[in-house]
Amino acid sequence: SLPAKLINGGIAGLIGVTCVFPIDLAKTRLQNQQNGQRMYTSMSDCLIKTIRSEGYFGMYRGAAVNLTLVTPEKAIKLAANDFFRHHLSKDGKKLTLLREMLAGCGAGTCQVIVTTPMEMLKIQLQDAGRIAAQKKLMAAQAQLSSSSAAGAAEPAVERRTTATQITRELLRSKGIAGLYKGLGATLLRDVPFSIVYFPLFANLNKLGQKDPNVKAPFYVSFLSGCVAGSTAAVAVNPCDVIKTRLQSLQRGVNEDTYSGILDCAKKIWQKEGPMAFLKGAYCRALVIAPLFGIAQVVYFIGIAEFLLDMLPKHRA
């Protein structure tokens, strides 16, 4: 049932995001830093420096936004894929690869309704620590190079903003369109991701089914979700880099600004080289693999069905 699908997707999203959010924060910061202004050399370096400067919970900046909106986002994605698969199948027959890809395309298109504002807000909060650390480093270097340290200005204290404050400011200045900045880039990432992920998962999962009418074991669903998720994540990572750059409202010192998808891709290619499009790829694979593995296990075990079945008994 649709309520069961929505509950399953929501539970899966909450569990997955809680487990992998620090890696996602590292991915955002690695993707946003540009040549000449590098604060972090790797994922582990980013996480260590984040803990040192912002504390343990600094790794979870922006997690509240994700945890709030990941439930409808994952629910829409999984339920939409099932919906399109059902309507694209003919008399219950096996879907062709093309129809599986069309179903994934439909799911990816539907989810951006929630994904775009969620990513927009999350990126601002995740990247704020990097920009603040960069400003402190620049101020310290300027102070050291100054002939009179006593006359140098103290570095500004970081003023932490919340998702609510960012939302209000965007709505006040740009309206609802402000929350949907980078919509085109989000579609460019999520639609190909779903086109790759869902058919790949479905076919990998079938390999573990002894009987077509019986669900695959949970570990098969988990491994299929991990492999399909990481493969799709790496495949669309260039689009994710562009999306992250376009959705970042604040820039570090001497960092480029972009007017659109093509302008962003052109500047990255010219100034940072083609390998820049793979920034954060391994982080993204590490995030997506367990996230979708957990999602598929929860979804296929059917926790929601169990909870919904218990309600009438409880009332009785």
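- Within an unreviewed UniProt entry, the label attached to the protein reads Mitochondrial glutamate carrier 1, and the organism entered is Nycticryphes semicollaris.
- Regarding the protein, the UniProt comment filed under Catalytic activity (unreviewed entry) reads as follows: "L-glutamate(in) + H(+)(in) = L-glutamate(out) + H(+)(out)".

**Here's the deal with the confidence of the model for the protein**
Note: predicted coordinates in regions of low pLDDT should not be interpreted at a detailed level.
Part 1 of the argument: Overall, the prediction assigns the protein a mean pLDDT of 83, with 88% of residues at 70 or greater.
Part 2 of the argument: Ranking the elements of the protein by mean pLDDT puts helix H11 (residues 303–315) last with 56 and helix H8 (residues 237–247) first with 94.
Part 3 of the argument: Overall, residues 147–152 carries pLDDT values under 50, and its contacts beyond four positions in sequence, including any with other chains, amount to two contacts.

**What about the pattern of salt bridges?**
Part 1 of the argument: A complete count under the given rule lists 20 salt bridges for this structure.
Part 2 of the argument: Its salt-bridge partner being Lys122, residue Glu119 comes within 3.1 Å of it at the nearest N-O pair. Taken together, the residues span about one helical turn, with Glu119 and Lys122 both in helix H4 (residues 97–145) at a distance of three residues. Residues Glu119 and Lys122 agree in their burial class; the two are buried.
Part 3 of the argument: Here Arg130 and Glu255 are joined by a salt bridge, their closest N and O atoms 2.8 Å apart.

**Concerning helix H2 (residues 43–54)**
Part 1 of the argument: For H2, which comprises twelve residues, the first-to-last C-alpha distance of 16 Å matches the rise-based estimate of 16 Å (1.5 Å per residue) to within 8%.
Part 2 of the argument: Every buried residue of H2 is listed here: Met43, Asp45, Cys46, Leu47, Thr50 and Glu54.
Part 3 of the argument: The positive-phi residue at the C-terminal boundary of H2 is Gly55, with phi of around 85 degrees.

**Side note on the packing of H8 against helix H9 (residues 261–272)**
Part 1 of the argument: The N-to-C vectors of H8 and H9 enclose an angle of 110 degrees; their axes lie 10 Å apart at closest approach. When the interaxial angle is binned, H8 and H9 end up roughly perpendicular. Residue-level contacts link Val241, Ile242, Arg245 and Leu246 of H8 to Ile261, Cys264, Ala265, Ile268 and Glu272 of H9.
Part 2 of the argument: In the contact of H8 with H9, the residues fall into seven nonpolar, no polar and two charged.

**As for the nonpolar core**
Part 1 of the argument: By size, the foremost hydrophobic cluster in this structure holds 18 residues, and its most contacted members are Val17, Phe193, Tyr197, Phe198, Ile288, Leu291 and Phe292.
Part 2 of the argument: Looking at this core, the elements with two or more residues in it are helix H1 (2–32), helix H3 (63–88), helix H6 (183–207), helix H7 (218–235) and helix H10 (281–301).
Part 3 of the argument: Setting aside residues up to four positions removed in sequence, Leu291 forms contacts with Gly13, Gly16, Val17 and Lys74.

**Details of the packing of H6 against H8**
Part 1 of the argument: The interhelical angle for the contact between H6 and H8, taken along N-to-C directions, is 160 degrees, at an axis separation of 9 Å. Judged by the angle between their axes, H6 and H8 are roughly antiparallel. Here H6 and H8 pass one another in a crossing that is left-handed. Contact with H6, carried on its side by Ala185, Thr186, Leu188 and Arg189, involves Cys239, Asp240, Lys243, Leu246 and Gln247 of H8 and no other residues of that element.
Part 2 of the argument: Of the residues contributing to the contact of H6 with H8, the split by class is four nonpolar, two polar and three charged.

**Re the side chain of Arg29**
Part 1 of the argument: The residue Arg29 is located in helix H1 in this model.
Part 2 of the argument: Within the local environment of Arg29, its side chain forms a polar contact with the backbone oxygen of Gln126, the two atoms lying 2.6 Å apart.
Part 3 of the argument: If we skip the residues at most four places from it in the chain, Arg29 touches Tyr40, Cys46, Thr50, Glu54, Arg61, Gln126, Asp127, Gly129 and Arg130.

**Some thoughts on a nonpolar patch on the surface**
Part 1 of the argument: On the surface, Phe218, Tyr219, Phe222 and Leu223 cluster together into a nonpolar patch covering about 430 Å² of accessible area.
Part 2 of the argument: Tracing the backbone through its elements, the reader meets Phe218 in helix H7.

**Notes on empty space enclosed by the protein**
Part 1 of the argument: Enumeration according to the criterion identifies one cavity of 30 Å³ or more in this entry.
Part 2 of the argument: Here the largest cavity is characterised by a volume of approximately 310 Å³.
Part 3 of the argument: If you go around the largest cavity, you meet 23 residues; those closest to its centre are Lys74, Glu119, Arg284, Ile288 and Leu291.
Part 4 of the argument: Taken together, the elements giving at least two residues each to the lining of the largest cavity come down to H1, H3, H4, H6 and H10.

**Things to note about the packing of aromatic side chains**
Part 1 of the argument: Evaluation of the coordinates by the stated rule reveals ten aromatic pairs.
Part 2 of the argument: Where Tyr56 meets Phe57, the ring centres are 5.4 Å apart and the plane angle is 80 degrees; that geometry is what we call edge-to-face.
Part 3 of the argument: Residue Tyr56 is classed as partly exposed on the basis of its relative accessible area of 47%.
Part 4 of the argument: Between Phe83 and Phe84, the ring centres sit 5.4 Å apart and the planes meet at 80 degrees, which makes this aromatic pair edge-to-face.
Part 5 of the argument: Three or more aromatic residues joined by ring pairs form one cluster here, namely Phe193, Tyr197, Phe198, Phe201 and Phe292.

Definitions and cut-offs
- Residues numbered from 1 in each chain as written.
- Predicted model: local features only at pLDDT ≥ 70, side-chain atom pairs only at ≥ 80, totals over all residues.
- Heavy atoms only, no water.
- UniProt positions renumbered as here; feature names shortened; annotations may be inferred.
- pLDDT = per-residue confidence, 0-100.
- Helix = DSSP H or I, 4+ residues; strand = E, 2+ residues; numbered from the N terminus.
- Contact = heavy atoms within 4.5 Å.
- Salt bridge = Lys/Arg side-chain N within 4 Å of Asp/Glu carboxyl O.
- Buried < 20%, exposed > 50% of the residue type's maximum accessible area, 1.4 Å probe, protein only.
- Expected span 1.5 Å × (residues − 1).
- Axes fitted to C-alpha atoms, helices over the stretch in contact; angles between N-to-C directions.
- Parallel < 35°, antiparallel > 145°, perpendicular 65-115°, else oblique.
- Nonpolar A, V, L, I, M, F, W, Y, C, P; charged D, E, K, R; others polar.
- Core = buried A, V, L, I, M, F, W, Y, C linked by side-chain atoms within 4.5 Å.
- Left-handed = near helix turned anticlockwise from the far one by under 90°.
- Polar contact = N/O pair within 3.5 Å; in protein donor to acceptor, adjacent residues only side chain to side chain.
- Patch = residues over 30% accessible without salt bridge, like charges linked within 9 Å, V, L, I, M, F, W, Y side chains within 5 Å.
- Areas by Shrake-Rupley, 256 points an atom, 1.4 Å probe, with all protein chains shown as cover.
- 1 Å grid on protein atoms, 1.4 Å probe; cavity = no way out; pocket = protein on both sides within 12 Å on 5 of 7 lines; lining within 4 Å.
- Points joined across faces, edges and corners; volume = space filled by probe spheres on them.
- Phe/Tyr/Trp six-rings, centres within 6.5 Å; stacked < 30°, edge-to-face > 60°.

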